[in-house]
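Listed below are the residues making up each chain.
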Amino acid sequence: MQIYEEKFMRFPGGKGKALTFSYDDGVIADKRLVQLFNKYNLKATFNLNSLLFASECKCWHGRMGEQETLETFVDTRHEVALHGARHIFFDRVPLYEATNEVVQNRVQLENMFNRIVRGMAYPYHAYSKKIRDMLEYAGVVYARTTVSTYSFDIPSDWLMLNPTCHHGDKRLSELTDTFLNAKPDNTSKNRDPLLFYVWGHSFEFDEKNQWDIIENFAERVANRDDIWYATNIEVYDYVKAYESLIYSIDGERVYNPSAIPVWVQVRGKIYKIDSGKNLVFDKP
């Protein structure tokens, strides 16, 4: 009988599944979306362009003004992240201009919200290896693309962070069924945790009359004991904390050097390793 010596990450509370959202542009419809997420106790990340507040251009789908944006996000459970100061194609300007877009965006949002901003979504899905590498120097720790994986895998390259799918994807319902029915703790071999990552633009719900899509989805996935609801940066920080765990050579002792508690599953049992603590696993 195999006793599963492998270590498997578990999310806060020992949960095997996590859900996160990412929405772009900072538009008026975000206000209704925030209210909806709050209603169902969900968390999301909102990616903002700091030089396009209250843009009168009709192509910008009803941008919020600076004060309205601040009031929408400042005292919420949600994360604000970067989307370029002006929402330009990063791969169609000199690298130093793209760098300025990121740095300026970050400085403005950090001063505006009085918090450190480390996440981003690529505007127009425009990126290159040079841009990806530049983000590291600018202090950005993750950057979301628009490439659907249709999977629940934990990202391997956080600066090329591919979501599970767009909220309007025809496979959303199928993926939701798979995610909700999954039981990572009880599978025979692969007990890796699952991350469901949904992205989009809230103005799409108005323009396509699709608020029922996100409302129905939220109602299905909300308030479940086996799912951790988190912002993008919370997921990133937790995964990095888990990856920092230090094990003894025989794998029977673990030390958590991070600032937050971390959960791990070993031999079918879930353990919580508190910050700065050692833990010895039970003998098989």
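See the structure shown above.
Thresholds, definitions, all that
- Residues numbered from 1 in each chain as written.
- Predicted model: local features only at pLDDT ≥ 70, side-chain atom pairs only at ≥ 80, totals over all residues.
- Heavy atoms only, no water.
- Helix = DSSP H or I, 4+ residues; strand = E, 2+ residues; numbered from the N terminus.
- Rg over C-alpha atoms; globule rule 2.2 N^0.38 Å.
- Buried < 20%, exposed > 50% of the residue type's maximum accessible area, 1.4 Å probe, protein only.
- Areas by Shrake-Rupley, 256 points an atom, 1.4 Å probe, with all protein chains shown as cover.
- Lys, Arg positive; Asp, Glu negative; His and termini not counted.
- Charge placed at Lys NZ, Arg CZ, Asp CG, Glu CD.
- Axes fitted to C-alpha atoms, helices over the stretch in contact; angles between N-to-C directions.
- Parallel < 35°, antiparallel > 145°, perpendicular 65-115°, else oblique.
- Left-handed = near helix turned anticlockwise from the far one by under 90°.
- Contact = heavy atoms within 4.5 Å.
- Pairing = 2+ DSSP bridges.
- Phe/Tyr/Trp six-rings, centres within 6.5 Å; stacked < 30°, edge-to-face > 60°.
- Lys NZ or Arg CZ within 6 Å of the ring centre and 35° of its normal.
- Core = buried A, V, L, I, M, F, W, Y, C linked by side-chain atoms within 4.5 Å.
- 1 Å grid on protein atoms, 1.4 Å probe; cavity = no way out; pocket = protein on both sides within 12 Å on 5 of 7 lines; lining within 4 Å.
- Points joined across faces, edges and corners; volume = space filled by probe spheres on them.
- Nonpolar A, V, L, I, M, F, W, Y, C, P; charged D, E, K, R; others polar.

### Describing the overall build of the protein chain
- The helix and strand inventory of the protein chain stands at eight helices and 14 strands.
- For the protein chain, the C-alpha radius of gyration of 20 Å lies close to 19 Å, the compact-globule estimate for 284 residues.
- Counting the 284 residues in the protein chain, one finds 52% classified as buried.
- Carbon and sulfur atoms make up 50% of the accessible area of the protein chain, which amounts to about 13400 Å² in all.
- Averaging the positions of the 35 positive and the 39 negative side-chain charges in the protein chain gives two centres separated by 4 Å.

### Focus on the packing of helix 1 (residues 29–39) against helix 7 (residues 211–221)
- Where helix 1 contacts helix 7, the axes come no closer than 10 Å and their chain directions differ by 20 degrees. Taken as axis vectors, helix 1 and helix 7 run roughly parallel relative to one another. In this structure, helix 1 meets helix 7 at a crossing whose hand is right-handed. Across the interface between the two elements, Ala-29, Arg-32, Leu-33, Leu-36, Phe-37 and Lys-39 of helix 1 pack against Trp-211, Ile-214, Glu-215 and Ala-218 of helix 7.

### Here we look at the side chain of His-201
- With respect to the helices and strands, the residue His-201 is situated in the loop between strand 8 (194–200) and helix 6 (203–207).
- Once residues lying within four places of it in the same chain are set aside, the contact partners of His-201 are Tyr-23, Asp-24, Asp-25 and His-167.

### Focus: the sheet that holds strand 10 (residues 246–247)
- The sheet built from three strands is open, its strands ordered 10-11-14 with antiparallel pairing. Because the sheet does not close on itself, it has two edges, and the strands there are strand 10 and strand 14 (278–280).
- Summarising the sheet, strand 10 and strand 11 (residues 253–255) pair through two bridges and their orientation is antiparallel. Bridge pairing in strand 11 places Ile-246 opposite Tyr-255.

### Concerning the packing of aromatic side chains
- Tallied over the entire structure, the rule returns 19 aromatic pairs.
- Where Tyr-271 meets Phe-281, the ring centres are 4.9 Å apart and the plane angle is 65 degrees; that geometry is what we call edge-to-face. Taken together, the positions of Tyr-271 in strand 13 (residues 269–273) and Phe-281 in the segment after strand 14 put the pair ten residues apart, joining distant regions of the chain.
- Ring-pair connections join several aromatic residues into one group, and the members of that group are Phe-21, Tyr-23, Phe-37, Phe-46, Phe-73, Phe-152, Phe-179, Phe-196, Phe-205, Trp-211 and Phe-217.
- The aromatic ring of Phe-179 is capped on one face by Lys-17, whose charged end is 5.4 Å from the ring centroid.
- The residue whose ring lies beneath Arg-171 is Tyr-150, and the NZ or CZ to ring-centre distance is 4.3 Å.

### Brief notes about the nonpolar core
- Core analysis: the biggest nonpolar cluster contains 57 residues, and Phe-21, Phe-37, Leu-42, Phe-196 and Ile-214 have the highest contact counts within it.
- If we skip the residues at most four places from it in the chain, Phe-21 touches Phe-37, Leu-42, Lys-43, Ala-44, Thr-45, Val-198, Ile-214, Phe-217 and Asn-232.
- Met-9, Phe-11, Val-239 and Leu-279 belong to the second-largest nonpolar core, a separate cluster that totals 30 residues.

### Notes on unusual backbone geometry
- Even without being a glycine, His-87 presents a positive backbone phi close to 60 degrees.
- Summarising the element assignment, His-87 is placed in the loop between strand 4 (79–82) and helix 3 (95–113).

### Quick look at the layout of surface pockets
- Considering only enclosed or pocket space, the largest pocket measures out at about 270 Å³ in volume.
- Asp-153, Asn-190, Asp-192, Pro-193 and Leu-194 are the residues nearest the centre of the largest pocket, which is lined by 16 residues in total.
- Those elements giving two or more residues to the lining of the largest pocket turn out to be strand 1 (7–10) and helix 8 (232–243).
- The class makeup of the residues in the lining of the largest pocket is ten nonpolar, two polar and four charged.
- Lining the second largest pocket are 15 residues, and of these Thr-149, Asp-153, Ile-154, Pro-155 and Asn-162 lie nearest its centre.
- Among the residues making up the lining of the second largest pocket, the classes are represented as eight nonpolar, five polar and two charged.

### Observations regarding the environment of Tyr-142
- Tracing the backbone shows Tyr-142 in strand 6 (residues 142–144).
- Judged by relative accessible area, which is 1%, Tyr-142 ranks as buried.
- Those residues in contact with Tyr-142 that sit more than four places away from it in its chain are Thr-45, Glu-79, Ala-81, Arg-118, Gly-119, Met-120, Trp-158, Leu-159, Leu-161, Asn-232, Ile-233 and Tyr-236.

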